[in-house]
Amino acid sequence: MQSGVNSMADTGTLIDRPATLSTKDFNRLSRFIYDTCGIKMPEVKRTMLEARLQKRLRALGMHHFGDYCEYLFDPRGMEQELVHMLDMVTTNKTDFFREPDHFDYLTQTVLPDWCHRHPTGTLSIWSAGCSSGEEPYTLSMVLTEFAERNPGFDFKILATDISTRVLDKAKAAIYQESQAEPIPMFLKKKYLLRSKDHSSGLVRIVPELREKVRFQRLNFMDDDFGLREQMDIIFCRNVIIYFDRPTQERLLQRFHRQMKPGGFIFMGHSETLSGLDVALASVFPTVYRKMR
């Protein structure tokens with residue numbers, strides 16, 4: 001009887017049941033995810049992790065999470081699978097002009113002060129955790145508009161994320177028109193290209209904005225970000241909420257070292273530096289400045 005069931009399963013007569021994530025494999029994976037990218041994966045997220053990684057099991061032709069763990073933690077598997085696994089477990093949610101008061105403060109307060117202190121030079125800004133590109137392209141629009149009003153001002157944007165999947169989307173700079181809704185109409189007309197096939201509902205960021213953004217994969221857990229230059233401004237919004245407090249403190253201390261004296265860091269509106277040992281002073285809601 002048992003052999004008959006196996007035979008039916010082998011021929012595809014029975015539907016394969018999705019793999020289930022055992023406590024042992026979940027603990028192993030959650031610890032690895034925390035150690036690798038700082039994201040806490042408590043028991044309440046076990047079902048989510050199981051559902052997301054089932055896609056990788058199907059892609060690899062595997063039927064058990066135990067097999068997947070053995071593959072992932074093998075040197076060859078680590079080299080080939082790590083990036084795919086992290087793509088599955090990281091959350092990527094962003095919008096154009098998200099938390100718009102930040103961009104008002106940037107253009108009305110931060111940039112005029114920077115121009116006063118740096119009559120010449122190029123502003124360096126880092127979109128840390130850029131996801132699919134909406135934030136760095138928003139910055140590119142805002143800074144380009146400021147440059148038109150302030151001759152001599154120039155800027156460059158570094159945009160990083162741990163997920164190669166969303167970085168590929170960001171580099172392509174192609175979005176659904178619905179995603180572009182938050183962009184003011186005058187900026188849409190100026191900086192968005194519509195697809196020749198209007199029925200596709202797709203738009204693309206114009207080349208002159210894309211050329212101002214450099215995309216790079218970066219893991220916040222690396223002791224050295226691998227960045228040679230210090231930054232005038234860092235945007236790291238709605239990212240640290242996924243880390244525990246000790247990890248947040250270590251990350252903010254690294255950001256502090258990466259900032260120029262007097263530099264600014266913009267955080268998400270649900271994030272706070274209260275209780276963290278970081279030499280940053282609040283200057284605006286969820287905006288902080290390096291004082292030393």
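Here the structure is shown first, and the text comes after it.
Residues numbered from 1 in each chain as written. Predicted model: local features only at pLDDT ≥ 70, side-chain atom pairs only at ≥ 80, totals over all residues. Heavy atoms only, no water.

Asks: Got a minute to help me understand the overall build of the protein chain in this structure?
Replies: When you go through the protein chain residue by residue, the secondary structure sums to 11 helices and 10 strands. Taken along the three principal axes of its C-alpha coordinates, the protein chain extends 85 × 50 × 30 Å. Looking at the protein chain as a whole, 48% of its 292 residues are labelled buried. Relative to all contacts within the protein chain whose residues are 6 or more apart in sequence, the contacts with residues 24 or more apart total 72%. (Helix = DSSP H or I, 4+ residues; strand = E, 2+ residues; numbered from the N terminus. Buried < 20%, exposed > 50% of the residue type's maximum accessible area, 1.4 Å probe, protein only. Contact = heavy atoms within 4.5 Å.)

Asks: Can you help me understand the sheet that holds strand β5 (residues 202–205) in this one?
Replies: Strand-to-strand pairing in sheets goes through backbone hydrogen bonds, with the strands running parallel or antiparallel. Taking strand neighbours across the sheet as the criterion, the three strands line up as β3-β5-β4 in an open arrangement whose pairing is antiparallel. The open sheet has two free edges, formed respectively by β3 (174–176) and β4 (192–194), since each of these has just one partner strand. Each adjacent strand pair in this sheet contributes to an overall mean axis angle of 35°, direction not counted. As paired strands, β4 and β5 are joined by three bridges and run antiparallel to one another. Considered in β5, the bridge of Leu192 is made with Ile205. (Pairing = 2+ DSSP bridges. Axes fitted to C-alpha atoms, helices over the stretch in contact; angles between N-to-C directions.)

Asks: Would you mind showing me how to read the packing of helix α3 (residues 46–60) against helix α4 (residues 65–72) here?
Replies: Packed helix pairs are specified by the crossing angle of their axes together with the interaxial distance, meaning the distance between the axes. At a minimum axis distance of 11 Å, the contact between α3 and α4 shows a crossing angle of 75°. Here α3 is positioned roughly perpendicular relative to α4, judged by the angle of their axes. Contacts between α3 and α4 involve Glu50, Leu53, Gln54, Arg56, Leu57 and Leu60 on the former and, on the latter, Phe65, Tyr68 and Tyr71. (Parallel < 35°, antiparallel > 145°, perpendicular 65-115°, else oblique.)

Asks: Got a minute to help me understand the pattern of salt bridges in this structure?
Replies: Between side chains of opposite charge, a pair can form when the charged atoms approach closely. This structure, assessed with the given rule, holds 15 salt bridges. Across the salt bridge formed by Glu177 and Arg194, the nearest N and O atoms sit 3.3 Å from each other. Of this pair, Glu177 sits in the loop between β3 and α9 (185–191) while Arg194 sits in strand β4, and the two are 17 residues apart along the sequence. Exposure remark for Arg194: the relative accessible area of 48% places this residue in the partly exposed category. (Salt bridge = Lys/Arg side-chain N within 4 Å of Asp/Glu carboxyl O.)

Asks: Sorry, what's going on with the sheet that holds strand β10 (residues 287–290) here?
Replies: The strand order β6-β2-β1-β7-β8-β10-β9 describes an open sheet built from seven strands, whose pairing is mixed. Looking at the sheet topology across the chains shown, the edges are occupied by β6 (213–217) and β9 (280–284). Between one strand axis and the next, the sheet turns by 25° as a mean value, whatever way the strands run. Pairing of strand β7 (residues 231–236) with strand β8 (residues 259–267) involves five bridges; the strand directions are parallel. Bridge pairing in β8 links Ile234 to Ile265. Relative to β8, helix α11 (residues 245–258) is tilted by about 135°, and along the sheet it contacts β1 (122–128), β7, β8, β9 and β10.

Asks: When you look at the side chain of Arg56 in this model, what are you seeing that I'm missing?
Replies: For Arg56, the position within the fold is in helix α3. Of the residues examined, Arg56 reaches a relative accessible area of 14% and is grouped as buried. In this structure, Arg56 is in contact with Tyr68, Glu81, His84 and Met88, ignoring residues within four places of it in sequence.

Asks: I would appreciate a short explanation of the pairing of β7 in the present structure.
Replies: The two faces of a sheet get side chains in turn, since along a regular strand they alternate between them. Buried residues dominate β7, accounting for six of its six residues. In this structure, β1 lies alongside β7, joined through three bridges in parallel fashion. Across the sheet, the residue bridging to Ile125 is Ile233, located in β7. The parallel pair β7 and β8 is bridged by α11, and the resulting crossover is right-handed. (Right-handed = clockwise from strand over helix to strand, strands pointing away.)

Asks: What should I look at first to understand a positive patch on the surface in this one?
Replies: Among the surface-exposed residues, Lys55, Arg58, Arg165 and Lys169 lie close enough to one another that they form a single positively charged patch. Elements with a minimum of two residues in the positive patch: α3 and α8 (164–172). Residue position: Arg58 is located in helix α3. For Arg58, a relative accessible area of 59% corresponds to the exposed category. (Patch = residues over 30% accessible without salt bridge, like charges linked within 9 Å, V, L, I, M, F, W, Y side chains within 5 Å. Areas by Shrake-Rupley, 256 points an atom, 1.4 Å probe, with all protein chains shown as cover. Lys, Arg positive; Asp, Glu negative; His and termini not counted. Charge placed at Lys NZ, Arg CZ, Asp CG, Glu CD.)

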